Amino acid sequence: MSETVHLTDRNPRVSPDELVDDLVPPPHFSTVSFDSYRPDPAQPTQAQACDALAAFAEQPAKRGFLSKLMGKEDRSKGIYLDGGYGVGKTHLLASAWHRAEKPAAFGTFVEYTNLIGALGFPRARDVLTQMKLVCIDEFELDDPGDTVMMSRLMRELTDAGVRIVATSNTLPGALGEGRFAAQDFLREIQALSDQFDVLHIDGDDYRHRDLDTPPEPVSREELDRLESEAQGVVARDDFAGLLDHLQSVHPSKYRRMMDDVSEVLWDYVVTIDNEGVALRFVALVDRLYDRGAAMHNSGVRTDAIFTDEMLHGGYRKKYMRCLSRLTAMASGAER
């Protein structure tokens, strides 16, 4: 039984409590483990990172009564997984969440900043300090405000004895480069860097090991056929209309927009020429990928969605991760 919906019709209400409840691995990573991670034998850093993070996840939280009485908590450095897109960092991060004591929180960097925006900093901090482990995927600093806010949050969490694991395509000391005047915030960036032991993961994008290019776009008639043969809920939208709609929906709602969607079909995909629109589209693709959704489109091929200027700018790694995920979704490649 199939059902066709339109994302352009959806603008869900998401309460602050629901944002907290959503801080768990998404469906695509709901059953992963360290045992199911398949490191590339040619890249020893992958197996090394897996073993190190598994050991870290099994460590008990250090919150002794005496240290609390004295107003101090035992501080231990978090783990920062640095590596290119498609080397399995999110798989390892979700595996750490599954292995660790609970309660534990899992979310993207953007989801944590959205949580702070919805709850306010004091309440968000109080919620997160109850966790044994906080997992932060896709750690990125896009503006100075995020730099100061996340530096403070990480410091207060580690002071409270919360263990932290983060993933990123950028070393902590280089966060913000190319996006804002990072040199003016070196103290905050260095404070973030000092809170982590860095594990670097080498390797190629596993999503594309057997793919040279994204699949070619299909005709509108082929989209009609795919829609008629779809199983479950398929979301079909005109691409330009979808981009317009995303500007009116806060990114914190994107996950709930796709709650039941298993496949997306986009008509007349075009190159995005506005950076703000492009970044919202990236956030949407991340949430679709989290669901393991399939994607097909007419119009331009997915590797032409972003301009050359965007792909060589400060958000290059974010766009390249998005293209990697779009290719996997369009090809049905294992993710």
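What you see is a predicted model, and the numbers here were worked out from it, not measured in a lab. (Residues numbered from 1 in each chain as written. Predicted model: local features only at pLDDT ≥ 70, side-chain atom pairs only at ≥ 80, totals over all residues. Heavy atoms only, no water.)

**Concerning the nonpolar core**
- Of all hydrophobic cores here, the largest spans 66 residues; its most connected members are Trp266, Phe281 and Phe306.
- By residue number, the principal contributor to this core is helix 12 (residues 275-291), which donates nine residues.
- Beyond its immediate stretch of four places on either side in the chain, Phe306 contacts Thr271, Ile272, Ala278, Phe281, Val282, Leu311, Tyr319, Cys322 and Leu323.
- Core analysis: the next-biggest nonpolar cluster, separate from the first, contains 26 residues, Met150, Met154, Val162 and Ile164 among them. (Core = buried A, V, L, I, M, F, W, Y, C linked by side-chain atoms within 4.5 Å. Buried < 20%, exposed > 50% of the residue type's maximum accessible area, 1.4 Å probe, protein only. Helix = DSSP H or I, 4+ residues; strand = E, 2+ residues; numbered from the N terminus. Contact = heavy atoms within 4.5 Å.)

**Some points on the packing of aromatic side chains**
- What the rule picks out here adds up to six aromatic pairs.
- By the ring-pair criterion, three or more aromatic residues cluster together here, those being Phe239, Trp266, Phe281, Phe306 and Tyr319.
- Its end group placed over the ring of Trp97, Lys102 keeps NZ or CZ at 4.5 Å from the ring centre. (Phe/Tyr/Trp six-rings, centres within 6.5 Å; stacked < 30°, edge-to-face > 60°. Lys NZ or Arg CZ within 6 Å of the ring centre and 35° of its normal.)

**Some thoughts on the sheet that holds strand 5 (residues 163-168)**
- Spatially, five strands are ordered 3-4-5-2-6 in an open sheet, and the strand pairing comes out parallel. Single-partner strands in this sheet number two, and they are strand 3 (104-108) and strand 6 (196-201). Within this sheet the neighbouring strands show an average axis-to-axis angle of 15 degrees, counted without direction.
- Where strand 2 (residues 78-83) meets strand 5, four bridges bridge the pair, whose relative direction is parallel. Residue pairing across strands places Ile79 opposite Val165, the latter belonging to strand 5.
- Taken strand by strand, helix 2 (residues 44-58) contacts strand 2, strand 4 (133-137), strand 5 and strand 6, and its axis lies near 145 degrees from that of strand 6. (Pairing = 2+ DSSP bridges. Axes fitted to C-alpha atoms, helices over the stretch in contact; angles between N-to-C directions.)

**Topic: the side chain of Arg10**
- Take Arg10: it is sitting in the loop between strand 1 (2-5) and helix 1 (16-21).
- Residues contacting Arg10, with those up to four places away along its chain left out, are Val5, His245, Val249, Met257, Met258, Asp260 and Val261.

**Describing the confidence of the model for the protein**
- Averaged over all residues, the pLDDT of the protein equals 84, while 83% of them reach at least 70.
- The secondary-structure element of the protein with the lowest mean pLDDT is helix 3 (residues 65-69), recorded at 44, while helix 10 (residues 239-246) shows the highest, at 98.
- In the model, residues 64-74 has pLDDT below 50 throughout and makes twelve contacts with residues more than four positions away in sequence or in other chains.
- Per-residue pLDDT stays below 50 along residues 176-185; that stretch engages in 21 contacts with residues further than four places along the chain or on separate chains. (pLDDT = per-residue confidence, 0-100.)

**Brief notes about the sheet that holds strand 9 (residues 294-299)**
- In spatial order, the strands read 1-7-8-9; together these four strands make up an open sheet with parallel pairing. If you trace the sheet from one side to the other, it starts and ends with strand 1 and strand 9, each paired once. Between one strand axis and the next, the sheet turns by 20 degrees as a mean value, whatever way the strands run.
- Pairing analysis gives six bridges linking strand 7 (residues 232-238) to strand 8 (residues 261-269), with the strands arranged parallel. Pairing of Asp238 across the sheet is with Asp267, part of strand 8.
- Docked against the sheet, helix 10 engages strand 7 and strand 8, running at close to 95 degrees with respect to strand 7.

**Points about the packing of helix 2 against helix 4 (residues 89-99)**
- It is at 9 Å that the axes of helix 2 and helix 4 come closest, and there the two elements cross at 25 degrees. For the element pair helix 2 / helix 4, the angle class is roughly parallel. Read as a crossing pair, helix 2 and helix 4 show a hand that is right-handed. Facing Ala49, Cys50, Leu53, Ala54, Ala57 and Glu58 of helix 2, the residues of helix 4 in contact are Leu92, Leu93, Ala96 and Arg99.
- Its residues assigned to classes, the contact of helix 2 with helix 4 shows eight nonpolar, no polar and two charged. (Parallel < 35°, antiparallel > 145°, perpendicular 65-115°, else oblique. Left-handed = near helix turned anticlockwise from the far one by under 90°. Nonpolar A, V, L, I, M, F, W, Y, C, P; charged D, E, K, R; others polar.)

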